[in-house]
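This is what each chain is made of:
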Amino acid sequence: MARMFVPGPVDVAPEVMQAMTKPMLPHRSKEYEDIHRSAAEKAQKVFYTNYRVFIGTHSGSGMQETGIRNLVNKDVLCCVNGAFSERWYDVAVSNGKNTDRLDVEWGKAVRPDQLRDALKKKHYEAVTIVHNETSTGVESPVKDLSKVVREVSPETFILVDAVSSLGGTKIEMDAWDLDFLLTSSQKCLALPPGLSLAGVNDRALAKAATVENRGWYFDLLIMEKHRVKNSTAMTPVVPLVYALDFQLDRIFDEGLENRFARHAAMSQKVYNWSLAHGMPSFAEEAYRSKTVATISNTMNLDVSVLNKFLMEHYQMRISSGYGDMKEKTFRIATMGEISLTDVDMLLEGMDKFIALNK
Ligand SMILES: *Cc1c(COP(=O)(O)O)cnc(C)c1O
């Protein structure tokens, strides 16, 4: 079976694909509502929350927009340390919010002391943080960042994007006191693209009621009105909700802790391999991602030639660097259905390629 070591969309298990082929159901039927409720309740376990989890039938970026539109009247601070946190900043600006940025060098994590300083200078209604920057392979210490917010500015809402980590890394929404936590289907949850999930606490929902111009499609109050009836305001992507419900059972069969340990072990293997070749991770060592290793390409590997070789001999592919870092780095994502054996095989293939090109 082909294996894609790319940070989404990832490989989907055949039985999950199969789960999508059930006949359609009207989204106002009891049969559909039962599946929707079941999927949403299971999702709460992966979010470690007793609050609601919304199933959005659009990709994760829509949830970034949902957070901004519903939780910010005016002032928001966006922590920017890579391309996806930059996108969240763009989302806030384009929605007309008064948006400040806390810039952190790419490859570095957002540090609690940096956030503390920024929050002391000005009051913000919300702060946005990307947990796992997929462009740089950096995991920011969200638990500690949240503590700082509660210390310095307790009412500020904490919005977290965990698109490329939730389901592969433990993120405890309630214990860490996060107000809005979002993810997408096509990364560590190993589903096809097209769904996003967001955990939203009561405080955040109450705030939304005080925010004007929330729009319609992403209005949390409209979403909540339908969520309590186990459906959505508009027609949901019914087959993907079948797949979500099915895949969450597979995830529980593996066990969440086992799944997190597997992701940590897979990325560790990649880091060990790259270091053995004299290629350090692009991310500072203490904050390396556990789901997508971003490696400094000090050997100048040509990733498109490498991928041709890997596809031909192993049916595998990795990812080039993001944007400007296309040549300078490459990324090996180890998400979802990938196993330790798959990682071994990939690294063996990369070793062969390196030997052949000496
Ligand atoms: C992939 C990604 C996104 C974008 O998600 P879509 O589902 O493509 O909208 C946002 N944030 C992070 C951290 C990502 O990795």
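Cut-offs applied
Residues numbered from 1 in each chain as written. Predicted model: local features only at pLDDT ≥ 70, side-chain atom pairs only at ≥ 80, totals over all residues. Heavy atoms only, no water. Core = buried A, V, L, I, M, F, W, Y, C linked by side-chain atoms within 4.5 Å. Buried < 20%, exposed > 50% of the residue type's maximum accessible area, 1.4 Å probe, protein only. Helix = DSSP H or I, 4+ residues; strand = E, 2+ residues; numbered from the N terminus. Contact = heavy atoms within 4.5 Å. Pairing = 2+ DSSP bridges. Near = heavy atom within 4 Å. Polar contact = N/O pair within 3.5 Å; in protein donor to acceptor, adjacent residues only side chain to side chain. Areas by Shrake-Rupley, 256 points an atom, 1.4 Å probe, with all protein chains shown as cover. Nonpolar A, V, L, I, M, F, W, Y, C, P; charged D, E, K, R; others polar. Axes fitted to C-alpha atoms, helices over the stretch in contact; angles between N-to-C directions. Domains from an automatic or database assignment. Buried area = accessible area lost by both parts, 1.4 Å probe. Salt bridge = Lys/Arg side-chain N within 4 Å of Asp/Glu carboxyl O. Phe/Tyr/Trp six-rings, centres within 6.5 Å; stacked < 30°, edge-to-face > 60°. Lys NZ or Arg CZ within 6 Å of the ring centre and 35° of its normal.

Enquirer: For this particular structure, what's the right way to read the nonpolar core?
Expert: A general trend in soluble globular proteins is that nonpolar side chains are found buried together. Counting residues in hydrophobic clusters, the biggest one holds 51 residues, and the most contacted among them are Leu 115, Leu 178 and Leu 181. Top contributing element to this core by residue count: helix α9 (residues 238-254), with eight residues. Leu 178 has contacts with Val 142, Ser 146, Ile 158, Val 160, Ile 171, Met 173 and Asn 201, leaving out every residue within four places of it along the chain. Ranked by size, the runner-up nonpolar core spans 26 residues in total, among them Phe 54, Val 76, Trp 88 and Ala 126.

Enquirer: So what exactly am I meant to see when it comes to the sheet that holds strand β14 (residues 329-333) here?
Expert: The strands making up a sheet associate through backbone hydrogen bonding, with each pair oriented either parallel or antiparallel. The three strands are arranged β11-β14-β13 in an open sheet whose pairing can be described as antiparallel. What marks the edges here is a single partner per strand, and that holds for β11 (292-296) and β13 (319-320). With five bridges joining them, β11 and β14 adopt antiparallel strand pairing. For Ser 296, the partnering residue across the bridge sits in β14 and is Thr 329.

Enquirer: For this particular structure, what's the right way to read the site of the ligand?
Expert: Close to the ligand lie 14 residues; Ser 59, Ser 61, Thr 134, Asp 161 and Lys 187 are nearest. Between an oxygen atom of the ligand and a side-chain N or O atom of Ser 184, the distance comes to 2.8 Å. Contacts to the ligand include Gln 186, whose side-chain N or O atom sits 2.9 Å from an oxygen atom. When the ligand sits alone it has 380 Å² of accessible area, and the protein chains cover 90% of it. Of all the elements in the fold, those that place two or more residues in the shell around the ligand are α3 (60-71) and α4 (83-94). Each residue belonging to the shell around the ligand can be placed in one class, and the counts come to three nonpolar, eight polar and three charged.

Enquirer: Whenever I open this one, the side chain of His 131 confuses me. Can you help?
Expert: Summarising the element assignment, His 131 is placed in the loop between β5 (126-130) and β6 (132-133). Take His 131: its relative accessible area is 1%, and that puts it in the buried class. Here Ser 165 takes part through its side chain, which lies 2.7 Å from a polar atom of the side chain of His 131.

Enquirer: What exactly am I supposed to notice about the sheet that holds strand β2 (residues 52-56) here?
Expert: If you trace the seven strands from one edge of the open sheet to the other, you get β2-β10-β9-β8-β5-β3-β4, paired in mixed fashion. Looking along the sheet, the strands with just one partner apiece sit at the ends: β2 and β4 (98-103). Strand-to-strand twist in this sheet, taken as the mean axis angle between neighbours without regard to direction, amounts to 20°. Direction of pairing for strand β3 (residues 75-80) relative to β4: parallel, over a ladder of six bridges. Across the sheet, residue Leu 77 finds its bridge partner in β4, namely Asp 100. Contacts from α4 reach β3, β4, β5, β8 (157-161) and β9 (180-184), with the element oriented near 160° to β3.

Enquirer: Would you mind showing me how to read the domain arrangement of the protein chain here?
Expert: How big an interface is tends to be reported as the loss of accessible area on association of its parts. As far as domains go, the protein chain holds domain 1 (3-8 + 256-356) and domain 2 (15-252). The gap between the C-alpha centroids of domain 1 and domain 2 is 27 Å. Both sides together, the interface formed by domain 1 and domain 2 hides about 2,400 Å², and carbon and sulfur atoms give 56% of it. For the domain 1 face of the interface with domain 2, the top three residues by lost area are Leu 256, Phe 260 and Tyr 287, together amounting to 26%. Here Glu 139 and Lys 290 are joined by a salt bridge, their closest N and O atoms 3.0 Å apart. Elements that contribute at least two residues to the side of domain 1 that touches domain 2 include exactly α10 (256-276) and β11. With six residues, the top contributor of residues to the side of domain 1 that touches domain 2 is α10.

Enquirer: Can you walk me through the packing of aromatic side chains in this structure?
Expert: Remark: the centre distance and the inter-plane angle together describe each pair of aromatic rings, the angle taken between the planes. Enumeration according to the criterion identifies four aromatic pairs in this entry. Taking 5.2 Å as the distance between ring centres and 90° as the angle between the ring planes, the aromatic pair formed by Tyr 217 and Phe 218 counts as edge-to-face. Among the aromatic side chains, those forming a connected cluster through ring pairs are Phe 309, Tyr 314 and Phe 353. Looking at Lys 22, its charged tip hangs above the ring of Tyr 242, at a distance of 4.5 Å from the centre. Sitting over the ring of Phe 157, Arg 203 keeps its end group 4.0 Å from the ring centre.

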